[in-house]
Amino acid sequence: NEFMAYPNPSKGNVNLLLFSETDTEATVTLSDITGKIIYSAKRELTAGKNELEFDFKVKTGVMLLQVTSPESDYGTSKIIFR
């Protein structure tokens, strides 16, 4: 993965730490294990280190967090929500 999501497990608040090669706009998508999208939003990234904060209101369980931009697929991370 090219990003780190913490804390994991989470009670809803999730911090993302990622590095971007360029200034760009990334799409952050949270989906459940069946692939249903729970949350999707665009966030501006600057070249270098980026820290994004989210407060997800989701049910307990495992979710998949994906970050993509036109230049890069940062990967997918499994997050356990309590």
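Structure first, text after, so check above.
Residues numbered from 1 in each chain as written. Predicted model: local features only at pLDDT ≥ 70, side-chain atom pairs only at ≥ 80, totals over all residues. Heavy atoms only, no water.

## With respect to the overall build of the chain
Within the chain one finds zero helices and seven strands. Beginning at the N terminus, the succession of helices and strands in the chain can be written as β-β-β-β-β-β-β. The C-alpha radius of gyration of the chain comes to 12 Å, within 12% of the 12 Å expected for a compact globule of 82 residues. Along the longest, intermediate and shortest principal axes, the C-alpha atoms of the chain span 35 × 20 × 20 Å. Burial statistics for the chain: of 82 residues in total, 40% are counted as buried. Put simply, 55% of the contacts in the chain that link residues at least 6 apart link residues at least 24 apart. Looking at the chain as shown, the accessible area adds up to about 5,000 Å², and 50% of this sits on carbon and sulfur atoms. Charge separation in the chain, taken as the distance between the mean sites of 9 positive and 11 negative side-chain charges, equals 14 Å. (Helix = DSSP H or I, 4+ residues; strand = E, 2+ residues; numbered from the N terminus. Rg over C-alpha atoms; globule rule 2.2 N^0.38 Å. Buried < 20%, exposed > 50% of the residue type's maximum accessible area, 1.4 Å probe, protein only. Contact = heavy atoms within 4.5 Å. Areas by Shrake-Rupley, 256 points an atom, 1.4 Å probe, with all protein chains shown as cover. Lys, Arg positive; Asp, Glu negative; His and termini not counted. Charge placed at Lys NZ, Arg CZ, Asp CG, Glu CD.)

## Some words on the environment of G61
By secondary structure assignment, the location of G61 is in strand β6 (residues 61-68). By relative accessible area, G61 is classed as partly exposed at 23%. Sequence separation between G61 and G12 is 49 residues, and the spatial gap between their C-alpha atoms is 11 Å. When sequence neighbours within four positions are dropped, the list of residues in contact with G61 reads I79, I80 and F81.

## Observations concerning a nonpolar patch on the surface
Taken together, the side chains of I33, V62 and I80 make up a nonpolar region of the molecular surface, amounting to roughly 250 Å² of accessible area. Considering the arrangement of structural elements, one finds V62 in strand β6. For V62, a relative accessible area of 34% puts it in the partly exposed group. (Patch = residues over 30% accessible without salt bridge, like charges linked within 9 Å, V, L, I, M, F, W, Y side chains within 5 Å. Salt bridge = Lys/Arg side-chain N within 4 Å of Asp/Glu carboxyl O.)

## A word on the pattern of salt bridges
Pairing between side chains of opposite charge can happen when the charged atoms of each approach one another. Inspection of the entire model under this criterion finds two salt bridges. For the salt bridge of K49 with E51, the shortest nitrogen-to-oxygen distance reads 3.6 Å. For the pair K49 and E51, one class covers both residues: exposed. With a closest N to O distance of 3.0 Å, K57 and D55 form a salt bridge. With a relative accessible area of 72%, K57 lands in the exposed category.

## Concerning the pairing of strand β7 (residues 73-81)
Looking along a regular strand, one sees side chains alternate from face to face of the sheet. As paired elements, β6 and β7 share eight bridges and run antiparallel to each other. Note that in β7 the partner of T68 across the bridge is D73. Linkage of β6 to β7, two consecutive antiparallel strands, is achieved through a turn of four residues. (Pairing = 2+ DSSP bridges.)

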